[in-house]
There are 2 protein chains.
Amino acid sequence: MADDSLFEFLHMEIVSHIFNEQQSSKGELDNKDRAACISLLEAMGFRVGQGLIERLTRDTPSFKDELDIMKFICKDFWTKVFRRQVDNLRTNHQGTYVLQDNKFSFLTQFSGGKQYLDQAPKYLAFSCGVVRGALSNLGLESVVTAEVSIMPSCKFQVVIQKL
Amino acid sequence: MADDSLFEFLHMEIVSHIFNEQQSSKGELDNKDRAACISLLEAMGFRVGQGLIERLTRDTPSFKDELDIMKFICKDFWTKVFRRQVDNLRTNHQGTYVLQDNKFSFLTQFSGGKQYLDQAPKYLAFSCGVVRGALSNLGLESVVTAEVSIMPSCKFQVVIQKL
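A few points on the structure.

Rules behind the numbers
Residues numbered from 1 in each chain as written. Chains lettered and ligands numbered in written order. Predicted model: local features only at pLDDT ≥ 70, side-chain atom pairs only at ≥ 80, totals over all residues. Heavy atoms only, no water. Least-squares fit on C-alpha atoms with pLDDT ≥ 70 in both. Contact = heavy atoms within 4.5 Å. Helix = DSSP H or I, 4+ residues; strand = E, 2+ residues; numbered from the N terminus. Buried < 20%, exposed > 50% of the residue type's maximum accessible area, 1.4 Å probe, protein only. Buried area = accessible area lost by both parts, 1.4 Å probe. Salt bridge = Lys/Arg side-chain N within 4 Å of Asp/Glu carboxyl O. Pairing = 2+ DSSP bridges. Axes fitted to C-alpha atoms, helices over the stretch in contact; angles between N-to-C directions. Parallel < 35°, antiparallel > 145°, perpendicular 65-115°, else oblique. Left-handed = near helix turned anticlockwise from the far one by under 90°. Nonpolar A, V, L, I, M, F, W, Y, C, P; charged D, E, K, R; others polar.

**Thoughts on the relation of the copies chain B and chain A**
Applying a rotation about an axis and a shift along it to one chain copy brings it onto the other copy. In the superposition of chain B on chain A (RMSD 0.0 Å, axial shift 0.0 Å), the rotation amounts to 180°. What the superposition gives is, in effect, a two-fold axis relating one chain to the other. Minimal C-alpha distance to the rotation axis in chain B is attained by F7 of chain B, lying at 2.5 Å. Taken together, the interface assignments show that 100% of the residues at the interface of chain B recur at the interface of chain A, consistent with an identical surface on both copies.

Laid out in structure tokens, this is it:
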């Protein structure tokens, strides 16, 4: 229980540190400054995701295809990292995947509904990076974005970049 | 398992982010710059410790004295946050406590021995802050420092500030 809290509290601290530090150097933040913070958080998540997937797949046999990897991410990876499975995985079979988590663990601290919706992107950037880092280490370069319409439900869109 | 890793990896990222960002604004770091980084990490830990202790003591009866609080920190708090109990608690009964953890969880990623000893303070500042934040919320203002002589064993010194 407190292990989870330890991560959650640290995550909150990081988000606020990064935004405060940007603000203290730039004054009032415009969209470009905010994007810079988000991308910093995403990059941290990316490296964390790479580390996590390396530990998690140590004893896993290799994957047979892209869908097999995505299923692993939705089940095993999600359970270990976000403490539940993805509720729904959809794909167009052309490299786009939508992962729906109806109770995303990093958002459960927020009040439900739409009140803090505009704050959500700050708190999702790290997670998007984690997913992208994990996929990258499994050989899939991707773009990962997240969208919240009602807290704490969250949709991650993964678009695999074909080389 | 991965929950712990999630925290560990994020913690590593923060440490390196804070030092890198100081370096990119100041160039080569001198002792004063390093102290500024350490104190930033310590302050993050402080707020995290405050949050954690609030959750952990929700159902705990109140403490009868200072030693009672220290025992709670060494047993319950340490177990939840650092995943084991403190191995040894000593005190001079005048407000100074030495908490010895022979296998401190944030240091187990390092090779044993003395090789990375000079790196230890970076990775202990956050934890010192966590302890200080927890004590502060329980009504004890303190100064917390950590000392490593052989990895991964670590001694925390807590000096209670009498008001």
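**What to know about the environment of V81 of chain B**
Residues and elements named next belong to chain B. You can see V81 is positioned in helix α3 (residues 66-82). On the basis of relative accessibility, which here comes to 0%, the residue V81 falls in the buried class. Put simply, V81 and L52 are 29 residues apart on the chain and 8.3 Å apart in space, counted from C-alpha to C-alpha.

**Description of unusual backbone geometry**
In this structure, P152 of chain A follows M151 of chain A across a cis peptide bond, with omega equal to -10°. Of note, P152 of chain A is situated in the loop between β3 (142-147) and β4 (154-160). Not every positive phi belongs to a glycine, and R83 of chain A is a case in point at roughly 70°. Tracing the backbone shows R83 of chain A in the loop between α3 (66-82) and β1 (88-91). Judged by its relative accessible area of 30%, R83 of chain A falls in the partly exposed class. The phi torsion at H93 of chain B lies on the positive side, around 60°, for a residue other than glycine.

**A word on the interface of chain B and chain A**
At the junction of the two partners, chain B supplies 30 residues and chain A supplies 30 residues. Both faces considered, chain B and chain A share a buried interface measuring about 3000 Å² in area, 70% of it formed by carbon and sulfur atoms. It is L6, L10 and R55 of chain B that lose the most area in chain B upon contact with chain A, and together they represent 23% of the buried surface on that side. Where chain B meets chain A, there are four salt bridges.

**Observations concerning the pairing of strand β3 (residues 142-147) of chain B**
Where β3 of chain B and strand β4 (residues 154-160) of chain B come together, six bridges link them in antiparallel fashion. When the bridges of β4 of chain B are listed, S142 of chain B appears paired with I160 of chain B.

**Examining the sheet that holds β3 of chain A**
Residues and elements named next belong to chain A. Reading across the sheet, the four strands line up as β1-β2-β4-β3 and stay open at both edges, with antiparallel pairing between neighbours. Edge strands, defined here as strands with exactly one partner in the open sheet, are β1 and β3. Across the sheet, the axes of successive neighbouring strands diverge by a mean angle of 15°, strand direction being ignored. Across six bridges, strand β2 (residues 96-101) lies against β4 in antiparallel orientation. By the bridge assignment, D101 is partnered in β4 with C154. Relative to the sheet, α3 contacts β1, β2 and β4, its axis offset from that of β2 by approximately 15°. Relative to β3, helix α4 (residues 120-137) is tilted by about 150°, and along the sheet it contacts β3 and β4.

**Some words on the packing of α3 of chain A against α4 of chain A**
For any two helices packed against each other, the geometry is given by the interaxial angle and the distance between the axes. All names here are of chain A. One can describe the packing of α3 onto α4 by two numbers: an axis separation of 11 Å at closest approach and a directional angle of 130°. Considering the angle they form, α3 stands oblique to α4. Considering how the two elements wind past one another, α3 and α4 form a crossing that is right-handed. The residues of α4 that touch α3, namely those facing I69, M70, I73, F77, W78, V81 and F82, are S127, V130, V131, A134 and L135. Considering only residue class, the contact of α3 with α4 consists of 11 nonpolar, one polar and no charged.

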